[in-house]
Amino acid sequence: MDNKITFGVLTIIFNCIGLPSFLLGNVKKGVLTIVSGVITFSVVAIINEIKGIIAGIKILKMTDEEFAAANKADLVNAIAFFC
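It is worth spelling out the overall build of the chain at this point. Along its length, the chain carries six helices and zero strands. N-terminal to C-terminal, the α/β element order of the chain is α-α-α-α-α-α. Its C-alpha atoms give the chain a radius of gyration of 12 Å, near enough to 12 Å, the size a compact globule of 83 residues would have. Expressed along its principal axes, the backbone C-alpha trace of the chain runs to roughly 40 × 20 × 15 Å. Here the contacts in the chain between residues at least 6 apart in sequence split such that 68% fall between residues at least 24 apart. As displayed, the chain has an accessible area near 4900 Å², and 70% of this comes from carbon and sulfur atoms. Seen as two clouds, the 7 positive and the 6 negative side-chain charges of the chain have centres 10 Å apart.

This part takes up helix H1 (residues 4–14). Of the residues making up H1, those classed as buried are Lys 4, Phe 7, Gly 8 and Thr 11. One face of H1 carries all of its buried residues, which in axial projection span an arc of 100°. Put simply, Asn 3 is the residue that caps the front of H1, since its side-chain oxygen is 3.2 Å from the backbone nitrogen of Ile 5.

Before going further, it helps to examine helix H3 (residues 27–39). A rise of 1.5 Å per residue sets the reference length of H3, with its 13 residues, at 18 Å; its end C-alpha atoms lie 18 Å apart and thus fit the reference within 8%. Looking at H3, one finds that the buried residues are Lys 29, Gly 30, Thr 33, Ser 36 and Gly 37. The buried residues of H3 occupy one face: seen down the axis, they fall within an arc of 130°. In H3, those exposed residues whose orientation departs by more than 90 degrees from the buried face are Lys 28, Val 38 and Ile 39.

Calculation criteria
Note that residues are indexed from 1 along each chain, following the sequence as it is written. Restriction of local features to residues with pLDDT of at least 70 applies here, the model being predicted, together with a cutoff of 80 or more for giving and counting side-chain atom pairs; totals for whole chains, interfaces and linings are based on all residues. Where side-chain values are given, they derive from all heavy atoms of the structure, hydrogens and water being excluded. Helix numbers and strand numbers start at the N terminus; a helix is a DSSP run of H or I with at least 4 residues, a strand a run of E with at least 2. In this treatment the radius of gyration is a C-alpha quantity, and the globule benchmark scales as 2.2 Å times the residue count to the 0.38 power. Residue contacts follow a heavy-atom distance rule, with two residues in contact if any of their heavy atoms lie within 4.5 Å. All accessible-area figures derive from a Shrake-Rupley calculation using a 1.4 Å probe, and residue coverage is judged against the displayed protein chains alone. In summary, the charge assignment counts Lys and Arg as positive and Asp and Glu as negative, without counting His or the chain termini. One atom stands in for each charge, and that atom is NZ of Lys, CZ of Arg, CG of Asp or CD of Glu. Think of it in three bands: with a 1.4 Å probe and only protein chains considered, a residue is buried below 20% of the maximum accessible area for its type, exposed above 50%, and partly exposed in between. The arc under discussion is defined with respect to the helix axis, by the directions toward the C-beta atoms. Pairs of N or O atoms are called polar contacts if they sit within 3.5 Å, as long as, within protein, a hydrogen donor faces a hydrogen acceptor (for residues adjacent in sequence, only side-chain-to-side-chain pairs). Expected span of a helix, by definition, is 1.5 Å for each gap between consecutive residues, and there is one gap fewer than residues.

Structure, rendered in structure tokens:
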């Protein structure tokens with residue numbers, strides 16, 4: 001994902017269903033996020049959404065150079081709670 005603003009906004013809005021993990025190419029973590037939200041009757045999804053808001057704001061505050069240099073694994077680990 002090259003556009004920091006798009007990725008940050010999508011992280012804020014759709015982290016509860018694992019969309020940022022899919023965008024970064026980690027399909028397994030995205031599927032686990034969806035399954036964990038369903039199994040726990042959205043408890044984990046709510047927690048993931050709160051973490052997504054925090055991570056999305058951090059991403060939006062990054063400079064373009066920091067975002068380009070950010071490791072994809074670090075971004076995925078910052079936005080996933082259960083996995």
